[in-house]
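Breakdown of the fold
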Amino acid sequence: MDSIKYTLPEDRIPKRWYNIQADLKSPVAPTLHPGTKQPIGPDDLAPLFAMELIKQEVSQDREIDIPEPVRDLYRQWRPTPLYRARRLEKVLDTPARIYYKYEGVSPAGSHKLNTAVAQAFYNKQEGITKLTTETGAGQWGSALAMATTFFGIDLTVFMVRVSYDQKPYRRGIMETFGARVFPSPSNETEAGKAILAEHPDSTGSLGIAISEAVEIAASSSDTKYTLGSVLNHVLMHQTVIGLEAIEQFDMADDYPDVLIGCTGGGSNFSGFVFPFVGRKLRGEQDVRVVAVEPAACPSLTRGKFAYDFGDTAHLTPLQKMYTLGSTFIPPGFHAGGLRYHGMAPLVSHLLDEDQIEAISFNQMETFEAGIQFAQAEGILPAPEANHAIAGAIAEALKCKESGESKSIAFNLSGHGHFDLQAYMDYHAGILHAYEYPADEIAMALAGLPSVG
Ligand SMILES: *Cc1c(COP(=O)(O)O)cnc(C)c1O
């Protein structure tokens, strides 16, 4: 039998985001000031973020209204489809039912636009005319460039040097939408200059690019900063994914036994699973939840749950999260969107409380899974999303062994049309199964800040 597509009508685009903070068994640890190491308040964050986003960051309300202009923009690509991957089930010869929610239908090609349009909207509403941000492989930068051009906001993007040089196409998108893009580390900021003085050939990292974007925002009154993952409000904006999926499972007359997502900073995973996890936390309906990360950047599976900085120059507040240490420079593996030293505090908190599980795969395993999926379902996945696919296939094969007919659902966070070099490298046999060495993890973790 063929694969099935479950589509919701436009008027089913969610009217409210879901805030999991309302349902947590215990609150997340407070965010600390980088200097005093005391809990920070809204005023400390005001130089960096729009006030409405700061309020959302700490809100305990279960639901937050999605402004109508944001819903209007969502209409361009939402609701996104949920598919039952029957052709993949057949190839795997599994009794499991496999579903995936596909966020690659957004014009930016990933889930990132869900928060980009919301963040641009709130900044515009508060009279902000300029935004800065960082981007790794360029998915976040290209989504925000589209959103800011809609709202008439100037955007400056610090793009991790190695991607700036090796992945020019997403830079091309950002520039087409009118953004200014600098390779990071750059000479535009003190943080960038300091790195370049020590390492003139630095290929950069997300941690360094964040330092640069934050520095510009902190030192200019008309400029704010935006982040594409990790923060509570970003994860919340992504919950449109899971809220739609719950309705689509109703249409399918099914409910997932296992939910799976890939984790870089944690936003697409959270957006997909949090509405289901909320039901579990409220005692309404149980579900198993698995986060999948790269073996080359294993914050959840090999990192430490501790207070750490979000950036390399230590300009950001301290957050309690699973981290590999802010000095971690990830190796150049091919899922650029998963190369961050830390993990969202909310995802970290849920793992610490055993509400979710975490596993890792190396990039050979993930490309194998992604190619198997592409051949069965006809969609070329982003290398990041291949981690979720690898997790789902592993679950489906377990069902084959046990004979159990479980319902498995994963989030397909984006398409891989700008990542074809990675696929070609895989076909050419020049990718290898890199794992982050234990001694380097120990070294980066030894530098964690001490907090009273
Ligand atoms: C950015 C990105 C990710 C990783 O970021 P999260 O915040 O963990 O979701 C995963 N998939 C795609 C397609 C991305 O663009």
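A brief report on the enclosed structure follows.

So, how was this worked out
Residues numbered from 1 in each chain as written. Predicted model: local features only at pLDDT ≥ 70, side-chain atom pairs only at ≥ 80, totals over all residues. Heavy atoms only, no water. Helix = DSSP H or I, 4+ residues; strand = E, 2+ residues; numbered from the N terminus. Rg over C-alpha atoms; globule rule 2.2 N^0.38 Å. Buried < 20%, exposed > 50% of the residue type's maximum accessible area, 1.4 Å probe, protein only. Contact = heavy atoms within 4.5 Å. Areas by Shrake-Rupley, 256 points an atom, 1.4 Å probe, with all protein chains shown as cover. Lys, Arg positive; Asp, Glu negative; His and termini not counted. Charge placed at Lys NZ, Arg CZ, Asp CG, Glu CD. Near = heavy atom within 4 Å. Polar contact = N/O pair within 3.5 Å; in protein donor to acceptor, adjacent residues only side chain to side chain. Nonpolar A, V, L, I, M, F, W, Y, C, P; charged D, E, K, R; others polar. Arc of directions from axis to C-beta. Phe/Tyr/Trp six-rings, centres within 6.5 Å; stacked < 30°, edge-to-face > 60°. Lys NZ or Arg CZ within 6 Å of the ring centre and 35° of its normal. Pairing = 2+ DSSP bridges. Axes fitted to C-alpha atoms, helices over the stretch in contact; angles between N-to-C directions. Disulfide = S-S within 2.5 Å. Core = buried A, V, L, I, M, F, W, Y, C linked by side-chain atoms within 4.5 Å. Salt bridge = Lys/Arg side-chain N within 4 Å of Asp/Glu carboxyl O. Parallel < 35°, antiparallel > 145°, perpendicular 65-115°, else oblique.

Section: the overall build of the chain
What the chain contains, in helices and strands, is 19 helices and 15 strands. By the compact-globule yardstick of 22 Å for 452 residues, the chain fits well, its C-alpha radius of gyration being 20 Å. Principal-axis analysis of the C-alpha atoms places the extent of the chain at approximately 60 × 50 × 45 Å. Taken across its 452 residues, the chain has 63% of its residues classed as buried. Considering only contacts within the chain whose residues lie at least 6 apart along the sequence, 76% involve residues at least 24 apart. Counting every atom, the chain has about 16800 Å² of accessible surface; 50% of that belongs to carbon and sulfur. One way to put it: in the chain the 38 positive side-chain charges average out to a point 4 Å from where the 55 negative ones average out.

Quick word on the site of the ligand
As a matter of local geometry, the ligand sits amid 18 residues, with Lys112, Ser229, Gly264, Ser267 and Asn268 nearest to it. In this structure, histidine 111 approaches the ligand through a side-chain N or O atom, which is 3.1 Å from an oxygen atom. In the model, an oxygen atom of the ligand is placed 3.4 Å from a nitrogen or oxygen of the glutamine 139 side chain. Surface burial for the ligand is 97%, taken as the share of its 380 Å² of free accessible area covered by protein chains. Each residue belonging to the shell around the ligand can be placed in one class, and the counts come to 3 nonpolar, 13 polar and 2 charged.

Looking at helix H8 (residues 168-176)
Taken as a whole, H8 has its buried residues at Arg170, Arg171 and Met174. Taken around the axis of H8, the buried residues stretch over an arc of 105°, which confines them to a single face. Pointing more than 90 degrees away from the buried face of H8 are the exposed residues Tyr169 and Thr176.

Quick look at the packing of aromatic side chains
Here the structure, examined in full by the defined rule, presents 16 aromatic pairs. Aromatic side chains phenylalanine 367 and tyrosine 426 sit 5.8 Å apart centroid to centroid with 20° between the ring planes, which places their arrangement in the stacked category. Of this pair, phenylalanine 367 sits in helix H16 (residues 363-377) while tyrosine 426 sits in helix H18 (residues 420-427); the two residues are 59 residues apart in sequence, bridging distant segments of the chain. Residue tyrosine 426 is classed as buried on the basis of its relative accessible area of 18%. These aromatic residues form a ring-pair network of at least three members: Tyr99, Phe249, Tyr255, Phe272 and Phe276. We note arginine 171 situated over the ring of tyrosine 164; from NZ or CZ to the ring centre the distance is 3.8 Å.

Looking at the sheet that holds strand S8 (residues 180-184)
Paired through their backbone hydrogen bonds, the strands of a sheet run either parallel or antiparallel. Within the open sheet, the 4 strands sit side by side as S8-S7-S6-S9. Their pairing is parallel. Each of the sheet's edge strands pairs with one partner strand only, and the pair in question is S8 and strand S9 (223-225). Each neighbouring strand pair of the sheet contributes to a mean axis angle of 25°, computed without reference to strand direction. Taken together, the 6 bridges between strand S6 (residues 130-135) and strand S7 (residues 154-160) define a ladder with parallel strand orientation. Within the sheet, the bridge partner assigned to threonine 133 lies in S7 and is valine 157. Sheet contacts for helix H10 (residues 206-218): S6, S7, S8 and S9; angle to S6, the most-contacted strand, approximately 170°.

Brief notes about the state of the cysteines
The term disulfide refers to a covalent linkage connecting the sulfur atoms of a pair of cysteines. Per the counting criterion, the structure on display carries 0 disulfides. You can see cysteine 297 has no disulfide; the closest cysteine sulfur is in cysteine 262, sitting 12 Å from it.

Digging into the nonpolar core
One finds Trp17, Val70, Tyr74, Leu113 and Val117 to be the most contacted residues of the largest nonpolar core, which totals 37 residues. Contributing elements (two or more residues each) for this core: helix H3 (68-74), helix H5 (113-125), helix H6 (139-151) and S7. Core analysis: the next-biggest nonpolar cluster, separate from the first, contains 34 residues, Tyr18, Ala245, Phe269 and Leu351 among them.

Here we look at unusual backbone geometry
Each neighbour pair has its own omega, and for arginine 78 with proline 79 the value is -10°, a cis peptide bond. Secondary-structure assignment places proline 79 in the loop between H3 and strand S4 (82-84). Note the cis peptide between serine 184 and proline 185, where omega equals 5°. At aspartate 253, a residue that is not glycine, the phi angle is positive and equals roughly 55°. With respect to the element layout, aspartate 253 can be found in the loop between helix H12 (240-252) and strand S10 (258-262).

Observations concerning the pattern of salt bridges
Side chains that carry opposite charge are capable of pairing whenever their charged atoms lie near each other. The full count for this structure, using the stated rule, is 22 salt bridges. One salt bridge connects glutamate 103 with arginine 78, and the closest N-O pair in it is separated by 2.8 Å. With glutamate 103 in the loop between strand S5 (97-102) and H5 and arginine 78 in the loop between H3 and S4, this residue pair connects regions lying 25 residues apart in the sequence. Pair check on accessibility: glutamate 103 and arginine 78 agree, each one buried. A salt bridge links glutamate 284 to arginine 282; the nearest nitrogen and oxygen atoms lie 2.9 Å apart. On the basis of relative accessible area, arginine 282 is assigned to the partly exposed category, the value being 32%. Taken together, the shared-partner salt bridges in this structure form one network comprising Asp23, Arg62, Arg282 and Glu284.

Topic: the packing of H16 against H18
Contact pair H16 / H18: the axes reach a minimum separation of 11 Å and the direction vectors enclose 105°. Considering their axes alone, H16 and H18 lie roughly perpendicular with respect to each other. When H16 is examined against H18, the residues Met364, Phe367, Glu368 and Ile371 are found in contact with a partner set consisting of Ala422, Tyr423, Tyr426 and His427.

Some details on the sheet that holds strand S11 (residues 288-294)
The strand order across the open sheet built from 7 strands is S1-S4-S5-S15-S10-S11-S14, with neighbouring strands paired in mixed fashion. With one partner strand each, in any of the chains shown, strand S1 (4-6) and strand S14 (357-361) form the two edges of the open sheet. In this sheet, neighbouring strand axes are inclined to one another by 25° on average, regardless of whether the strands run parallel or antiparallel. Both S4 and S5 contribute to a ladder of 3 bridges, which runs antiparallel. Across the sheet, residue tyrosine 83 finds its bridge partner in S5, namely tyrosine 100. Packed on one face of the sheet, H12 meets S1, S4, S5 and strand S15 (407-412) and runs near 140° to S5. Against the sheet, helix H17 (residues 385-402) contacts S5, S10, S11, S14 and S15, and its axis sits at roughly 170° relative to S15.

These values are about where atoms sit, not about what they do.
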